[in-house]
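One letter stands for each residue in the lines below.
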Amino acid sequence: MSGNIKIKEAARILGKSEQFIRIGLQQNIFPFGYAVKMSSVWTYHISPKKLEDYAGEVKE
C-alpha cells in the first residue's frame, strides 16, 4: 500500500472528527503521519500502513 490517506478517511477509520486528526498531526501526537505548515496553510501526510497498524483495521 502506498500513497496518502485523506484526513476525512482517517477520521472515519478512527471514529474521530477531522479536526481531531488535524490537531493530533500538527502536535505530533499520532505515529501514523505528520503535518507541515507552509506559510499559513497546513499540509498533511498519513501513511496507509502506519494508520492500519495503529487502528488495527485491514484496508483493501
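Just so you know, these numbers come straight off a predicted model, no measurement behind them.

A.B. asks: Quick question: what am I supposed to make of the overall build of the protein chain here?
C.D. replies: On a plain count of helices and strands, the protein chain comes out with three helices and two strands. Overall, the protein chain shows an N-to-C arrangement of helices and strands of α-α-β-β-α. Taken over C-alpha atoms, the radius of gyration comes to 11 Å for the protein chain, in line with the 10 Å a tight globule of 60 residues would show. Reported as C-alpha extents along the three principal axes, the dimensions of the protein chain are approximately 35 × 25 × 15 Å. For the protein chain, with 60 residues in total, the buried portion stands at 30%. Taking the intrachain contacts of the protein chain between residues at least 6 apart in sequence as the baseline, contacts between residues at least 24 apart amount to 42%. Of the roughly 4,200 Å² that the protein chain leaves accessible, carbon and sulfur atoms contribute 51%. In the protein chain, 9 side chains carry a positive charge and 6 a negative one; their mean positions are 9 Å apart.

A.B. asks: Explain helix H1 (residues 7-14) to me, please; I cannot follow it from the model alone.
C.D. replies: For an α-helix, the turn length of 3.6 residues means that residues three or four places apart are oriented alike. Buried residues of H1: Ile7, Ala10, Ala11 and Ile13, and no others. Each buried residue of H1 lies within a common arc of 165 degrees when the element is viewed along its axis, so the set occupies one face. Opposite its buried face, H1 presents the exposed residues Lys8 and Arg12, each directed more than 90 degrees away. Elements in contact with the buried residues of H1: helix H2 (18-26), strand S2 (41-46) and helix H3 (48-55).

A.B. asks: Would you mind going over the pattern of salt bridges with me for this structure?
C.D. replies: Two side chains of opposite charge can pair, provided their charged atoms sit close to one another. Within this structure, the stated rule accounts for three salt bridges. Note that Arg12 and Glu9 form a salt bridge whose closest N and O atoms lie 2.8 Å from each other. Remark: Glu9 and Arg12 occur in helix H1; sequence separation between them is three residues, near one turn of the helix. Overall, the relative accessible area of 52% leaves Arg12 in the exposed class. Ionic pairing is found between Glu18 and Arg22, a salt bridge with its closest N-O pair at 3.3 Å. In this pair, Glu18 and Arg22 both sit in helix H2, four residues apart, roughly one turn of the helix. On the accessibility criterion, Arg22 (25% relative accessible area) is partly exposed.

A.B. asks: What is the right way to look at the packing of H1 against H2 in this model?
C.D. replies: A pair of packed helices is characterised by two quantities: the angle between their axes and the separation of those axes. Running from N to C, H1 and H2 point in directions that differ by 105 degrees, and their axes come no closer than 8 Å. The angle between the axes of H1 and H2 places the two elements in the roughly perpendicular class. For the pair H1 and H2, contact is made by Ile7, Lys8, Ala10, Ala11 and Leu14 and by Glu18, Ile21, Arg22 and Leu25, respectively. Its residues assigned to classes, the contact of H1 with H2 comprises six nonpolar, no polar and three charged.

A.B. asks: Whenever I open this one, the confidence of the model for the protein chain confuses me. Can you help?
C.D. replies: One rule of thumb: low pLDDT means the predicted coordinates there are not for detailed reading. Of the residues in the protein chain, 90% reach a pLDDT of 70 or more, and the chain-wide mean stands at 91. Of all the helices and strands in the protein chain, H3 carries the lowest mean pLDDT, 94, while H2 carries the highest, 98.

Rules and cut-offs
- Residues numbered from 1 in each chain as written.
- Predicted model: local features only at pLDDT ≥ 70, side-chain atom pairs only at ≥ 80, totals over all residues.
- Heavy atoms only, no water.
- Helix = DSSP H or I, 4+ residues; strand = E, 2+ residues; numbered from the N terminus.
- Rg over C-alpha atoms; globule rule 2.2 N^0.38 Å.
- Buried < 20%, exposed > 50% of the residue type's maximum accessible area, 1.4 Å probe, protein only.
- Contact = heavy atoms within 4.5 Å.
- Areas by Shrake-Rupley, 256 points an atom, 1.4 Å probe, with all protein chains shown as cover.
- Lys, Arg positive; Asp, Glu negative; His and termini not counted.
- Charge placed at Lys NZ, Arg CZ, Asp CG, Glu CD.
- Arc of directions from axis to C-beta.
- Salt bridge = Lys/Arg side-chain N within 4 Å of Asp/Glu carboxyl O.
- Axes fitted to C-alpha atoms, helices over the stretch in contact; angles between N-to-C directions.
- Parallel < 35°, antiparallel > 145°, perpendicular 65-115°, else oblique.
- Nonpolar A, V, L, I, M, F, W, Y, C, P; charged D, E, K, R; others polar.
- pLDDT = per-residue confidence, 0-100.

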